[in-house]
Amino acid sequence: MSSTALSIKNLSKYFGSVCANDHVSLDIYKGEILALLGENGSGKTSLMNMLSGIYFPDEGQIFADGKEVCIRSPKDAYALGIGMVHQHFKLVDVFSASENLILGIDPSKPLDRKKINQELKTICDRYGFEIDPDKKVYDMSVSEKQTLEIIKTLYRGANVLILDEPTAVLTPQETERLFSVIKNMKKDGKTVIIITHKLHEVLEISDRVAILRKGAYVGCIETAKADESKLTEMMMGEKVTLNIERPEIKDKKLRLSVKDLCCKDAEGRDHLKNISFDLYSGEIFGIAGISGCGQKELLEAIAGLQPAVSGSSIKYFRDSEDEATELIGKTPRAIRNMGVHLSFVPEDRLGMGLVGSMGMTDNMMLKDYDSGKLFFTNRRKPGELAARIKKELDVVTPGLQTPVRRLSGGNVQKVLVGREISADPTVLMTAYAVRGLDINTSYTIYKLLNEQKKKGTAIIFVGEDLDVMLELCDRILVLNAGKCAGITDGRKITKEEIGLMMTGSERKQDEH
Amino acid sequence: MSTEIKTEKAPFVRVVKQEGMPFSKRVVVRICFVLIALVVCGFLINAITSYDPVSVYTIMFEGAFGNARRTWATVREMMMLALIAIGLAPAFKMKFWNIGAEGQILIGGIISAGCMIYLSACPAHVLLPLMFVLSAAGGAAWALLPAIFKARFNTNETLFTLMMNYVAIQLTSFFVAHWENPKGSNTVGIINSANQAGWFPEVFGQKYFINVALTLVFAIFMFIYLRYTKHGFEISVVGNSENTARYAGMNVSRIMIRTMLLSGAICGIAGFMAVSGASHTISTSTAGGRGFTAIIVAWLAKFDSATMLLISLLIAFLNSGATEIASKCKLNDYASDMIIGIILFFILASEFFINYRLVFRKKEKGGV
Amino acid sequence: MQSLISLFQAAVVFGTVIMFGCIGEIITEKAGNLNLGVPGIMYLGGIASLASVFIYEGSTKDPSPVVCVLLALVSSFAASALGGLVYAFLTITLKANQNVTGLTLTIFGSGVANFFGGSLNTLAGRFEQVAVPVTSAAFRKTSMLSGIPVIGKLFFSYGFMVYLAIIIAVLTHFFMNHTRRGLNLRTVGENPAAADAAGINVNRNKYLAICIGAGISGFGGAYYVMDYIKGTWANDGSIENLGWLAVALVIFTTWKSKNAIWGAYLFGILFWMFLYIPGLTRSSQELFKMLPYAVTVIVLIITSLKNSRDKQPPAALGLPYFREER
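Quick caveat, the model's predicted, so the values are computed rather than measured.

To continue, consider the overall build of chain A. From N to C terminus, chain A includes 17 helices and 20 strands. Its C-alpha atoms give chain A a radius of gyration of 24 Å, near enough to 24 Å, the size a compact globule of 512 residues would have.

With 23 residues of chain A in contact, the opposing surface of chain C contributes 23 residues. Top element by residues in the side of chain A that touches chain C is helix H2 (residues 74-79) of chain A. It accounts for three residues. Broken down by class, the residue content of the side of chain A that touches chain C amounts to 14 nonpolar, two polar and seven charged.

This part is about the interface of chain C and chain B. Taken residue by residue, the interface counts 41 residues in chain C and 41 residues in chain B. Elements represented by at least two residues in the side of chain C that touches chain B include exactly helix H3 (65-93), helix H4 (98-124), helix H11 (238-252), helix H13 (282-288) and helix H14 (291-305) of chain C. Among the elements that make up the side of chain C that touches chain B, the one with the highest residue count is H4 of chain C (16 residues). Considered class by class, the residues forming the side of chain C that touches chain B number 22 nonpolar, 15 polar and four charged.

One finds Phe-461 of chain A, Ile-84, Ala-85, Ile-295, Val-297 and Ala-298 of chain B together with Leu-249 of chain C to be the most contacted residues of the largest nonpolar core, which totals 372 residues. The element that contributes the greatest number of residues to this core is helix H3 (residues 68-93) of chain B, accounting for 14 residues. For Ala-298 of chain B, the residues in contact, after removing those within four places along its chain, are Ala-85, Leu-88, Ala-89, Phe-92, Phe-303 and Met-308 of chain B.

The next thing to look at is the packing of helix H2 (residues 53-65) of chain B against H3 of chain B. All names here are of chain B. With their axes 5 Å apart at the nearest point, H2 and H3 run at an angle of 85° to one another. Here H2 lies roughly perpendicular to H3, going by the angle between them. Contacts between H2 and H3 involve Gly-63, Ala-64 and Phe-65 from the former and Arg-70, Thr-71 and Thr-74 from the latter.

What follows concerns the sheet that holds strand E8 (residues 191-196) of chain A. Residues and elements named next belong to chain A. Strand order in the open sheet formed by six strands is E6-E7-E8-E3-E9-E10, with mixed pairing between adjacent strands. Strand pairing shows two members of the sheet lacking a second neighbour, strand E6 (82-85) and strand E10 (216-222), which therefore form its edges. Mean inter-strand twist for the sheet, computed between neighbouring axes without regard to direction, equals 20°. Two strands pair when backbone bridges link them, and strand E3 (residues 33-37) and E8 are joined in this way by five bridges, in the parallel orientation. Of the residues in E8, the one forming a bridge with Leu-36 is Ile-195. The strands that helix H8 (residues 228-236) touches are E3, strand E9 (208-213) and E10; relative to E9, the one it contacts most, it runs at about 30°.

Residue and element names in this part refer to chain A. The domains assigned to chain A are domain 1 (4-236), domain 2 (252-341 + 425-438 + 456-512) and domain 3 (353-423). Distance from the C-alpha centre of domain 2 to the C-alpha centre of domain 3: 27 Å. Counting residues at the interface gives seven residues for domain 2 and six residues for domain 3. When grouped by side-chain class, the residues that make up the side of domain 2 that touches domain 3 number four nonpolar, two polar and one charged.

Another point: the confidence of the model for chain A. When pLDDT is averaged across chain A, the result is 87; 97% of the residues are at 70 or more. The low-confidence segment residues 506-512 of chain A (pLDDT under 50) makes two contacts with residues lying over four places distant or belonging to another chain.

We now examine unusual backbone geometry. Even without a glycine there, the phi angle at Glu-165 of chain A is positive, about 45°. The topology assignment puts Glu-165 of chain A in the loop between strand E7 (160-164) and helix H6 (172-187). Residue Glu-165 of chain A is classed as partly exposed on the basis of its 17 C-beta neighbours within 10 Å. In this structure, Phe-303 of chain B is a non-glycine residue whose phi angle is positive, near 65°. Mapped onto the fold, Phe-303 of chain B is located in the loop between helix H11 (290-300) and helix H12 (305-328). The exposure class of Phe-303 of chain B is buried, given the 24 C-beta atoms found within 10 Å.

Residues and elements named next belong to chain A. Among the six residues that make up strand E19 (residues 475-480), six are buried, leaving the element largely enclosed by the rest of the structure. Residues Arg-475, Leu-477 and Leu-479 point to one face of E19 and Ile-476, Val-478 and Asn-480 to the other, with burial holding for every one of them. Sheet topology places strand E13 (residues 284-288) next to E19; four bridges connect them, and they run parallel. Across the sheet, residue Ile-287 finds its bridge partner in E19, namely Leu-477.

Okay, the environment of Met-21 of chain B next. Residue and element names in this part refer to chain B. Structurally, Met-21 can be placed in the loop between strand E1 (13-17) and helix H1 (23-49). Classification of Met-21 by C-beta neighbours within 10 Å gives partly exposed; the count is 14. Put simply, Met-21 and Asn-355 are 334 residues apart on the chain and 7.8 Å apart in space, counted from C-alpha to C-alpha. Look past the residues within four positions of Met-21 in its chain and what remains in contact with it is Arg-26 and Ile-354.

This brings us to the sheet that holds strand E1 (residues 4-15) of chain A. Residues and elements named next belong to chain A. Strand order in this open sheet of four strands is E2-E1-E4-E5, and the pairing throughout is antiparallel. In this open sheet, the two edge strands, each paired with only one partner strand, are strand E2 (18-29) and strand E5 (67-69). Each adjacent strand pair in this sheet contributes to an overall mean axis angle of 25°, direction not counted. Bridging between E1 and E2 involves eight bridges; their strand directions are antiparallel. In the strand pairing of E2, Thr-4 is matched with Tyr-29. On the sheet, helix H1 (residues 44-51) packs against E1, E2 and strand E4 (59-64) and is oriented at approximately 120° with respect to E1.

Turning to the pairing of strand E11 (residues 254-264) of chain A, a few remarks are in order. Residue and element names in this part refer to chain A. With seven bridges joining them, E11 and strand E12 (residues 270-280) adopt antiparallel strand pairing. Note that in E12 the partner of Leu-256 across the bridge is Leu-279. Connecting E11 to the next strand, E12, in antiparallel fashion are five residues, including Gly-268 with a positive phi near 85°. Where E11 lies against strand E14 (residues 313-317), four bridges are found, and the strand directions are antiparallel. What sits directly across from Lys-259, in E14, is Ser-313.

Residue and element names in this part refer to chain B. In contact at an axis separation of 8 Å, H11 and H12 are set at 135° when each is read in the N-to-C sense. What the angle tells us is that H11 and H12 run oblique. When you trace H11 past H12, the crossing you get is right-handed. Within the contact between the two elements, H11 uses Thr-293, Val-297, Ala-298 and Leu-300 and H12 uses Met-308, Ile-311, Ser-312 and Ile-315.

Our next topic: H11 of chain C. Residues and elements named next belong to chain C. In a regular helix each residue adds 1.5 Å, so 15 residues correspond to 21 Å; H11 covers 21 Å between its end C-alpha atoms and thus fits that length. Burial analysis of H11 places 13 of its 15 residues in the buried class, the great majority of the element. With its phi angle positive at about 45°, Thr-254 sits one or two positions after the end of H11.

What counts as what
- Residues numbered from 1 in each chain as written.
- Chains lettered and ligands numbered in written order.
- Predicted model: local features only at pLDDT ≥ 70, side-chain atom pairs only at ≥ 80, totals over all residues.
- Helix = DSSP H or I, 4+ residues; strand = E, 2+ residues; numbered from the N terminus.
- Rg over C-alpha atoms; globule rule 2.2 N^0.38 Å.
- Contact = placed C-beta atoms within 7 Å.
- Nonpolar A, V, L, I, M, F, W, Y, C, P; charged D, E, K, R; others polar.
- Core = buried A, V, L, I, M, F, W, Y, C linked by C-beta atoms within 7 Å.
- Buried ≥ 20, exposed ≤ 12 C-beta atoms within 10 Å, placed from the backbone.
- Axes fitted to C-alpha atoms, helices over the stretch in contact; angles between N-to-C directions.
- Parallel < 35°, antiparallel > 145°, perpendicular 65-115°, else oblique.
- Pairing = 2+ DSSP bridges.
- Domains from an automatic or database assignment.
- pLDDT = per-residue confidence, 0-100.
- Left-handed = near helix turned anticlockwise from the far one by under 90°.
- Expected span 1.5 Å × (residues − 1).

Okay, here's the thing in structure tokens:
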């Protein structure tokens, strides 16, 4: 084995009383592709943030090329040849690609945009990237932004590249392209660390896998000697067989009928174009697509939060197909007052679904604080509900009045899902319901959804992990840039086919 | 392998976030900072006036509470400031930056002065309630305009309300010139000094009893309104996230406009109190910067009524005290703004030590 | 014609005061900090220049105009930058709320300035009205070109500070758009996390921008004291009003310093217009003085109606940055 590029010794990081990393020691060799595996919340990102200078370790040492180093800022990290592509891109929206490229470098040099464009092109040619140097970041797709971020780290002379969940936002095809770029970089002698929780990717791309569990280092294994069950066991700490159940649909009744739904943004561009589908009770209806291609708008249009262009129609059926209620043009409150039992778990949990600075009790009354004729609020029932949810879903919180912002991501989601389910919905919409949650909480959520399904609730499940969607959903609608690329049978379709639908037709249209 | 941290290059001090400091500790931290600030101010005044720091505060206390008249003047000032802060509290809790209290006060003041001038023949039990209602309406109207534009077009309310202050100031100048008495003085003079029409009457022999009562009533009202009513709940949800409010089915525009109407109305009433209950005249300095100071009062008190009253008391004390020092040394009384500024800087700084913790570089021998 | 020229002249002098204030605030806001302390900072700049020169002129028999001007500018810059430093320390290092800290700075600055402005004589043991004739004359000295008819009156009849303001506006524009340091500074205001990850020292940039911006704003106060009111002091709150107009002008310019040049003069014209409209009574003049504020409100509304990408405030304006935030 070649020599070590970086070596971590007993690194620890605490956030308040939460231990994000607990005495982690790890060697990273030159020229390898190392996968850092662990479930959400296992401390992968915070460990890497300490290498890239975002966090400062509370304990422990870092060695580069055998010498002890102190990384106080991203600048120090770059000086050591460490560059990181964060999950949330660190780009300035109103700047062009080339302006973003040179941020922070040689401040005293003149700003020669032509020369920078030239340098950008050189890197692109070397590794096979494609990017328009003058394109503003706000006009870029997610995959373009990611490309720009990788180029940025290379431009700064990084020899160790850290990629944080790079495939989470990519289609299967874009992932393939990214992997070929990573292999190119390896050929070029670079060390690549890829943070992920997807096992098949680990097996596909890496040379070695390091596993973290609950902030602690579990072990390291050569990829050639690993398989999925072994990795799962190391990741979870026990032998687990996790299967997502998919009960058959029974008592299928039409609940929601969306016809020609169109939404536009403030500048008049299409968010959604001519979306039509029917939703039935007792089914889980998946919605797949690259992030930001209309999922949010679709759910918000149904919830009455997004205005729709005239001609659109969303009909809700209470008991029979003759008893239809039009939802378009109604406010969320009007929809509720009509007796429509619509629950919605939005993507932005603390920015939309819950109030971060309020406790569980106050969050419970968010949607029906207005009931009763009194001018005053009544906290008795919400308090009881909060206590019930805390008990039934094992929400870990110091108290019902503790601001929910202070809870961990999984517990926040339990509070939100718990409240939405407690309203006995006939239609339940969830957006990225398991994003950022550890495996156990994720499966708790899947279980809750399946329980609702068995009760006859019609469920819309917007997801990003296609593997999960293929196991959970009865039907999957694929969105492609705001248009419906097709509705497929979740039991028959393959991941690659969905991937093609997410991007494929769009490219074909461009060629016309 | 030793686990000692290499100390030479580690940053000397780092900042770490902390949440959930117990209430009692928070109070102690804040009181400590106020005390440090008072000591600093003591030495500053000592440098300018050559009074020693201890006698500085003796004189200041003398100036603020030395006799009944001074005490009441301080209390009057405190109530004024507290009432404005109470008016601002719901707007700021909603994260609506109402910098326009100054203007809303002036409008209330103009209307009160107008009523006093034109309706001086009215009996007090008709005139005073009328003034109360009209000045509240005036203040509310002044707040309504920015609120509508914020709600409809998301127009920046900080600058809109700020500009409305100056429109109100010019309007005041206009009326001062219009009502000028005596001619050429460029002031309105004491209105109705003969029959005292439109003045707050003495209650229980106290000139400022109504000022105190009015403020306390609003303080209690606001405490209950923000904590225990549906409106109050709506205000805190909108203040935390407009998206959440919309998601919960709230009509954000309506809540915003309603809250600003309330906020403006209370500020308008403060203008009424400034004219009828204190100066009995109107000028461009009727608000006198209190609209800005009250923002800081409301913010530092986290919109809690009792805390707002306490901070107002502190500021009123400093005001009267510094004025006393200034007059003893034949200096001007802007010294009080300087001192208030310093004290507020310290209180602002104290928040840091409540929300964050400092971690110093560990000693070489300390290890891990 | 004559009255148009004098309106323009008055507008330029008025505009220069707020142009300094505005450019300083643009630099500050480009770094992501909304400093509502501009009026206080301008007060500090004004009083520092006056006090330092007052002491110098009083203690020297034959004060040199060059020393006077330099002393006034240096002390004004230093005092204002110090005010900016207090604001920067509270908002950046201690993470206090920017608006509240700015307002406090305004209270503090106006307190300090009016206290010393009003007490300067008493403190110095003199009894006449505060006056710094030598310095004021140096500030108001015009070039020979002012003798040219019309053109000279319009463009060359001012003290050097008028041209300094324009130069600073142009330099600021160049710095923001055509240098790497300017790009870095704007990154801090747009997305501090991105700046940090790119190795830009966020706090240092913010500190520098705030202190230098405050220093430039302070020149507005110095110019007001030395030229506009001819080296005296008045406790009438004018600087505060001008300071708020400077803050409003930042919005008007959509955060571009080159727009401040004409924007400031336009504000000046609006402010003085009432003098040139015949038949106004004293009270109706007061109504006319609302004009610049009313126009700002209208501009504010119009910019909020249009959602143009390049006319927006810096994306992270007003938000604190803490690297280890999760």
